[in-house]
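# Understanding the architecture of this molecule
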Amino acid sequence: NRACKEKLTKIPFEISKPGVVGEVFFTKTLRELIKAIKTNADIQIQLGMLRLLSVWLYDCPTAQQLLMQSSSHMQFLVDLIKEQRSTNLHVSGLSGMVIGCCLLNNSNNTKNDTDGDISSIIINTITRDIGIDKYTDCLNKIVKSEDFVNAEQGKSHMNTEDMNKLMFYDYDYILFFQRVLKQIMLKIKPDSKMKSITSFIDSPYQQNINNEISQQLVQQLKDRDAIILDLQSKLATYEKE
């Protein structure tokens, strides 16, 4: 929740000397993300930090302010979105989600060091430096990716060359991404009815996936009930003996 995330933004990454203000965990995470991407670290590390930052920034004005304090941090994320051809689609898309989370749930009175609220600055940055269509496209590519769809269906993403590779997304993050995505689209395209990107989320194909997941959960509950009834029957027989 917001209170926990706000407190976490104030926690120093390491204990500093008396009188010296230490770097907080949030900015340390930002710096390590940039380092990981620049050094082409394992993709799981890159995506893990981007997912962490997106969840942290959502509904957390203090974290949003920390991100906006350094223009280099924002510019780095913008460049990842602009350079989609040379950047992993998941890195580009999650960078878009990180920026998009700054559009949401911040007070109009929450300002950074420049004039204007954070939401207006982000919208201007997207419009001027990226382009609305290019920005929404990077998010759309994630939604349509095999990794996203597999996670939504509860399937692990397994690489044929490395059968121990972990999936890029978990189901909880899929739900988070879809919910926030709709809010972002309403913010940057209030009159578009989100046709360009959320049509896939709400399509019959996606609804079928959700129905299949629901049916699987119902069957699992039925199987569990059957096991419980069987155990109760055996216990009753044992007590009679």
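Just so we're clear, the structure is a prediction, and the values are computed from it rather than from any experiment.

### What about the side chain of Asp147?
Relative to the helices and strands, Asp147 is located in helix α9 (residues 146-152). With relative accessibility at 9%, the residue Asp147 sits in the buried group.

### Quick notes on the nonpolar core
In terms of nonpolar packing, the biggest core is built from 58 residues, with Phe26, Leu67, Ile122 and Phe177 touching the most fellow members. Looking at which element gives the most residues to this core, the answer is helix α10 (residues 171-188), with nine residues. When neighbours within four sequence positions are excluded, Phe177 is seen to be in contact with Leu94, Met97, Leu139, Ile142, Val143 and Phe148.

### Topic: the packing of aromatic side chains
Overall, the coordinates contain nine aromatic pairs when judged by the stated rule. Measuring from centroid to centroid gives 5.0 Å for Phe26 and Trp56, while their planes differ by 90°, and the two rings are edge-to-face. Taken together, the residues span a long stretch of sequence, with Phe26 in helix α2 (residues 25-38) and Trp56 in helix α3 (residues 43-57) at a distance of 30 residues. Accessibility expressed as a relative area gives 0% for Phe26, which makes it buried. The interplanar angle of 90° and the centroid separation of 5.6 Å between the aromatic rings of Tyr58 and Phe176 together place this pair among those described as edge-to-face.

### A closer look at helix α5 (residues 71-82)
Here α5 contains twelve residues, and its C-alpha end-to-end distance of 16 Å stays within 8% of the 16 Å for a straight helix at 1.5 Å per residue. Buried residues belonging to α5 abut α2, α3, α4 (61-69), α6 (89-101), α7 (118-130) and α8 (132-144).

### Topic: α2
When the terminal C-alpha atoms of α2 are compared, their 20 Å separation across 14 residues agrees well with the 20 Å that a helix rising 1.5 Å per residue should span. The set of residues buried in α2 consists of Phe26, Thr27, Lys28, Thr29, Leu30, Leu33, Ile34, Ala36 and Ile37. Residues of α2 that are buried make contact with α3, α4, α5 and α6. Positive backbone phi, approximately 55°, marks Asn40, located one or two places after α2.

### Observations regarding unusual backbone geometry
Unusually for a residue other than glycine, Asn40 sits at a positive phi of about 55°. Relative to the helices and strands, Asn40 is located in the loop between α2 and α3. Even without a glycine there, the phi angle at Asp59 is positive, about 60°. Mapped onto the elements of the fold, Asp59 is located in the loop between α3 and α4.

### Quick word on the side chain of Thr9
Mapping Thr9 onto the fold places it in the loop between α1 (2-8) and α2. Only 2.5 Å separates the side chain of Thr9 from the backbone oxygen of Glu6, close enough to count as a polar contact.

Reading guide: rules and limits
Residues numbered from 1 in each chain as written. Predicted model: local features only at pLDDT ≥ 70, side-chain atom pairs only at ≥ 80, totals over all residues. Heavy atoms only, no water. Helix = DSSP H or I, 4+ residues; strand = E, 2+ residues; numbered from the N terminus. Buried < 20%, exposed > 50% of the residue type's maximum accessible area, 1.4 Å probe, protein only. Core = buried A, V, L, I, M, F, W, Y, C linked by side-chain atoms within 4.5 Å. Contact = heavy atoms within 4.5 Å. Phe/Tyr/Trp six-rings, centres within 6.5 Å; stacked < 30°, edge-to-face > 60°. Expected span 1.5 Å × (residues − 1). Polar contact = N/O pair within 3.5 Å; in protein donor to acceptor, adjacent residues only side chain to side chain.

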